[in-house]
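So the chains spell out like this:
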Amino acid sequence: MFYSRKGRKFCLVFSAVLLAVTGTGMAFAPHYAVFLVLRFLVGAASSGLGMSSYILMMECVGSQYRNRALVGLCVAYAIGYSLLALFAWAIPDWRHLQLSISTWIILFILYYFVISESPRWLHGSGRGKECEQLLRRIARINGKTYPENVTIEIDNSV
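Just so we're clear, the structure is a prediction, and the values are computed from it rather than from any experiment.

Draft legend 1. View of the side chain of Ser 52. The topology assignment puts Ser 52 in helix 3 (residues 32–60). With relative accessibility at 0%, the residue Ser 52 sits in the buried group. A polar contact is formed between the side chain of Ser 52 and the backbone oxygen of Gly 48, at a distance of 2.8 Å.

This is the structure:
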């Protein structure tokens with residue numbers, strides 16, 4: 001429901017910030033109870049980040065490329081977990097390891113300026129003008145022409 005109200009892009013960046021803050025906080029947890037609470041929040045943020053990136057990808061990729069895009073997303077996760085093992089070998093202290101893998105996640109904030117909102121979400125939330133502008137931009141990036149006789153109209157009477 002949060003994804004439907006705030007948008008896919010907002011949820012992606014919010015989850016990334018929460019993951020970076022709680023993950024970094026785990027490295028400085030003074031007590032085991034604090035560590036456990038932060039670990040729970042890291043799990044929630046990881047789930048939110050994975051879900052929002054999946055939803056955004058599925059809504060922005062054409063149906064003929066969705067399988068390949070999903071495989072690409074899963075390969076990226078597998079590479080990340082493989083690199084985690086390498087980092088754990090190179091950084092034996094768990095606090096330093098946690099800090100080193102958490103702080104770079106803050107770079108996900110830059111996604112807010114790079115990626116666009118889902119056209120489906122924009123249309124579904126009554127923002128037809130923005131949806132049409134985004135579709136025109138996507139067509140231009142893909143080297144296609146957006147048909148001039150197509151406009152997005154949203155019926156708010158229902």
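Draft legend 2. Representation of the pattern of salt bridges in the model. A complete count under the given rule lists three salt bridges for this structure. A salt bridge links Glu 59 to Arg 8; its shortest N-O distance comes to 2.8 Å. Note that Glu 59 is positioned in helix 3 and Arg 8 in helix 2 (residues 8–27), a separation of 51 residues in sequence. As far as burial versus exposure is concerned, Glu 59 and Arg 8 are alike and both buried. Measuring nitrogen to oxygen at the nearest pair gives 2.9 Å for the salt bridge that ties Glu 130 to Arg 127. Overall, the relative accessible area of 37% leaves Glu 130 in the partly exposed class. On the basis of relative accessible area, Arg 127 is assigned to the partly exposed category, the value being 33%.

Draft legend 3. Just the packing of aromatic side chains, in detail. Enumeration over the complete set of coordinates arrives at four aromatic pairs. Here Tyr 112 and Phe 113 contribute two aromatic rings whose centre-to-centre distance is 5.6 Å and whose plane-to-plane angle is 90°, an arrangement assigned as edge-to-face. Tyr 112 sits in the partly exposed class, given a relative accessible area of 40%. Through successive ring pairs, a cluster of aromatic residues spans Tyr 32, Phe 35 and Trp 94. A cation over an aromatic ring shows up here: Lys 9 above the ring of Tyr 112, its NZ or CZ 4.4 Å from the ring centre.

The rules behind each value
Residues numbered from 1 in each chain as written. Predicted model: local features only at pLDDT ≥ 70, side-chain atom pairs only at ≥ 80, totals over all residues. Heavy atoms only, no water. Helix = DSSP H or I, 4+ residues; strand = E, 2+ residues; numbered from the N terminus. Buried < 20%, exposed > 50% of the residue type's maximum accessible area, 1.4 Å probe, protein only. Polar contact = N/O pair within 3.5 Å; in protein donor to acceptor, adjacent residues only side chain to side chain. Salt bridge = Lys/Arg side-chain N within 4 Å of Asp/Glu carboxyl O. Phe/Tyr/Trp six-rings, centres within 6.5 Å; stacked < 30°, edge-to-face > 60°. Lys NZ or Arg CZ within 6 Å of the ring centre and 35° of its normal.

Purely geometric numbers; function is a separate question.
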